Amino acid sequence: MKYKVHRIEVKKDNIQEKLEQFINKLDGEVIAILPNVTQYFMMYGAKINFLLIVEKTK
(Lines give C-alpha, C1' and ligand atoms only; values in the text may rest on other atoms or scores of the structure.)
Protein backbone atom coordinates (compact mmCIF):
# COMPACT_ATOMS: atom_id res chain seq x y z
CA MET A 1 0.00 0.00 0.00
CA LYS A 2 1.16 3.50 -0.79
CA TYR A 3 -0.13 6.74 0.63
CA LYS A 4 -0.17 10.27 -0.71
CA VAL A 5 -0.68 13.40 1.37
CA HIS A 6 -2.30 16.36 -0.36
CA ARG A 7 -2.47 19.93 0.95
CA ILE A 8 -5.41 22.25 0.17
CA GLU A 9 -5.32 25.94 1.08
CA VAL A 10 -8.74 27.04 2.37
CA LYS A 11 -10.56 30.02 3.79
CA LYS A 12 -13.52 29.89 6.12
CA ASP A 13 -16.02 30.65 3.38
CA ASN A 14 -14.87 28.00 0.85
CA ILE A 15 -13.78 24.96 2.88
CA GLN A 16 -16.74 22.76 1.96
CA GLU A 17 -16.65 23.56 -1.76
CA LYS A 18 -12.90 23.05 -2.16
CA LEU A 19 -12.91 19.82 -0.14
CA GLU A 20 -15.84 18.38 -2.09
CA GLN A 21 -14.26 19.19 -5.46
CA PHE A 22 -10.91 17.74 -4.43
CA ILE A 23 -12.30 14.50 -2.97
CA ASN A 24 -14.38 13.86 -6.10
CA LYS A 25 -11.20 14.03 -8.23
CA LEU A 26 -9.25 11.45 -6.19
CA ASP A 27 -8.69 7.93 -7.52
CA GLY A 28 -7.79 6.27 -4.21
CA GLU A 29 -9.45 5.95 -0.81
CA VAL A 30 -9.50 8.87 1.65
CA ILE A 31 -7.95 7.74 4.94
CA ALA A 32 -7.95 10.99 6.91
CA ILE A 33 -8.57 14.73 6.66
CA LEU A 34 -6.44 16.78 9.03
CA PRO A 35 -7.00 20.51 9.51
CA ASN A 36 -4.12 22.83 10.41
CA VAL A 37 -5.60 25.14 13.04
CA THR A 38 -4.04 28.38 14.26
CA GLN A 39 -5.36 29.50 17.61
CA TYR A 40 -5.68 33.21 18.24
CA PHE A 41 -6.17 35.00 21.51
CA MET A 42 -8.85 33.46 23.70
CA MET A 43 -11.55 35.90 22.58
CA TYR A 44 -10.89 35.51 18.86
CA GLY A 45 -11.04 31.73 18.52
CA ALA A 46 -9.18 29.78 15.83
CA LYS A 47 -8.64 29.69 12.08
CA ILE A 48 -8.15 26.76 9.69
CA ASN A 49 -5.25 27.56 7.35
CA PHE A 50 -5.14 24.41 5.23
CA LEU A 51 -6.26 20.78 5.11
CA LEU A 52 -4.06 17.71 4.76
CA ILE A 53 -5.79 14.81 3.02
CA VAL A 54 -4.28 11.33 3.28
CA GLU A 55 -5.09 9.13 0.28
CA LYS A 56 -4.43 5.39 0.00
CA THR A 57 -3.41 4.49 -3.55
CA LYS A 58 -3.16 1.15 -5.32
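Details of the structure are given in the entry above.
Conventions used here
Residues numbered from 1 in each chain as written. Predicted model: local features only at pLDDT ≥ 70, side-chain atom pairs only at ≥ 80, totals over all residues. Heavy atoms only, no water. Pairing = 2+ DSSP bridges. Helix = DSSP H or I, 4+ residues; strand = E, 2+ residues; numbered from the N terminus. Axes fitted to C-alpha atoms, helices over the stretch in contact; angles between N-to-C directions. Contact = heavy atoms within 4.5 Å.

Enquirer: Can you help me understand the sheet that holds strand 2 (residues 29–39) in this one?
Expert: In a beta sheet, neighbouring strands are held together by backbone hydrogen bonds and run either parallel or antiparallel to one another. The three strands lie next to each other as 1-3-2, forming an open sheet whose pairing is antiparallel. On the outer flanks of this sheet lie strand 1 (2–9) and strand 2, each paired with one strand and no other. Averaged over all neighbouring strand pairs, the angle between strand axes comes to 20 degrees, with direction disregarded. Pairing analysis gives eight bridges linking strand 1 to strand 3 (residues 46–57), with the strands arranged antiparallel. In the strand pairing of strand 3, Val-5 is matched with Val-54. Seen against the sheet, helix 1 (residues 15–25) touches strand 1, strand 2 and strand 3 and runs at an angle of roughly 10 degrees to strand 3.

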